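# Structure at a glance
Chain by chain, the residues run as shown.
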Amino acid sequence: MIDDRDDDGPAQYASPPCFMHELDPAYQVPLSDWTDVRRWRKAERERLIGARLAVSADARAAMSARIAEGLDALVGDVAGRMVSLYWPFRGEPDLRGWMASINARGGRTALPVVIEKGQPLVFRAYAPGDRLEKGVWNIPIPAKGDPVLPDIVISPVVGIDPDNFRLGYGGGFYDRTLAAMPFRPLVIGVGYELQRIPTIYPQPHDIPMTTVVTEAVRGK
């Protein structure tokens, strides 16, 4: 799906490698070279997507339902609010049923649209039943409609770290988009518990999610 600005700039880290990983398997050696960070992100991205796809469709559907419940508890009344979601891709939580419920409860929904590589996304209003066409990676997007500014952005993650920095697919779209918006919406990352990682080695341009909802955590 659409992704954050993972691989667009160099990182600077002062901590040298050490041997803590021999004492604690969860310890991650700090990376100081941007080439190593990019290589690590690519490998971690592939690992996490593979782990997500290895979960059965039934189990993912059950986890998606719990995520939708968590979003309801976190967001509350959606009447009069514009919520941007996404079309599920490669095992991402399927929130299309929740999207329909937003419209049924007086809210409005939108989907992100890639206009050009290296540029912010455009959010285009969409309700279930509206005509769709194929966008980037053949992901469905609204066939027409004026751009809108969502009050709430639901962003799928490939990985998420303890500071709510999101590992996406490496295109940088979400970070550019949030940086360009005239106001900061409520940004909720959604994913599965298995996608939690110690760090994404965030860059100065990376923008953390406001909060994260998984099948086990409702956000705060």
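Note that the structure is a prediction, hence the values are computed from the model and not measured.

Reading the values: rules and limits
- Residues numbered from 1 in each chain as written.
- Predicted model: local features only at pLDDT ≥ 70, side-chain atom pairs only at ≥ 80, totals over all residues.
- Heavy atoms only, no water.
- Core = buried A, V, L, I, M, F, W, Y, C linked by side-chain atoms within 4.5 Å.
- Buried < 20%, exposed > 50% of the residue type's maximum accessible area, 1.4 Å probe, protein only.
- Helix = DSSP H or I, 4+ residues; strand = E, 2+ residues; numbered from the N terminus.
- Contact = heavy atoms within 4.5 Å.
- Pairing = 2+ DSSP bridges.
- Expected span 1.5 Å × (residues − 1).
- Arc of directions from axis to C-beta.
- Phe/Tyr/Trp six-rings, centres within 6.5 Å; stacked < 30°, edge-to-face > 60°.

## Here's the deal with the nonpolar core
One finds Leu 71, Leu 85, Leu 95, Trp 98, Ile 154, Ile 188 and Val 190 to be the most contacted residues of the largest nonpolar core, which totals 37 residues. Broken down by secondary-structure element, the contributors of at least two residues to this core are helix 1 (34-54), helix 2 (57-75), helix 3 (96-104), strand 7 (152-156) and strand 10 (186-190). When sequence neighbours within four positions are dropped, the list of residues in contact with Val 190 reads Ile 67, Leu 71, Tyr 86, Leu 95, Ile 154, Ser 155, Pro 156, Val 157 and Val 213. By size, the runner-up hydrophobic cluster in this structure holds 16 residues, among which are Ile 160, Tyr 174, Met 181 and Val 212.

## Considerations on the pairing of strand 3 (residues 122-125)
Here is the key point about a regular strand: its side chains alternate between the two faces of the sheet. Alignment of strand 2 (residues 108-113) against strand 3, held across four bridges, turns out to be antiparallel. Residue Val 113 lies in a different strand from strand 3, and its bridge partner there is Val 122. Note that strand 3 and strand 6 (residues 147-148) share two bridges and pair antiparallel. Paired with Arg 124 across the strands is Pro 147, a residue of strand 6.

## So, helix 2
With 19 residues, helix 2 extends 26 Å from end C-alpha to end C-alpha; this agrees with the ideal 27 Å at 1.5 Å per step. Taken as a whole, helix 2 has its buried residues at Arg 60, Met 63, Ser 64, Ile 67, Ala 68, Gly 70, Leu 71 and Val 75. End-on view of helix 2: buried residues confined to an arc of 165°, all on one side of the axis. Contact partners of the buried residues in helix 2: helix 1, helix 3, strand 7, strand 10 and strand 11 (211-213). Directly beyond the C-terminal end of helix 2, a positive phi value near 75° is found at Gly 76.

## Regarding the packing of aromatic side chains
Here the structure, examined in full by the defined rule, presents three aromatic pairs. A ring pair is formed by Trp 40 and Tyr 201, whose centres lie 5.2 Å apart and whose planes are at 90°; its orientation type is edge-to-face. Residue Trp 40 is found in helix 1, and its partner Tyr 201 is found in the loop between strand 10 and strand 11; the two are separated by 161 residues along the sequence. An identical accessibility class is assigned to Trp 40 and Tyr 201; each is buried. Aromatic pair Trp 87 and Tyr 126: ring centres 6.3 Å apart, planes at 75°, arrangement edge-to-face. Pair noted here: Trp 87 is in the loop between strand 1 (82-84) and helix 3 and Tyr 126 is in the loop between strand 3 and strand 4 (132-134), with a separation of 39 residues, a long-range link. Summarising the burial analysis for this pair, Trp 87 and Tyr 126 share the class buried.

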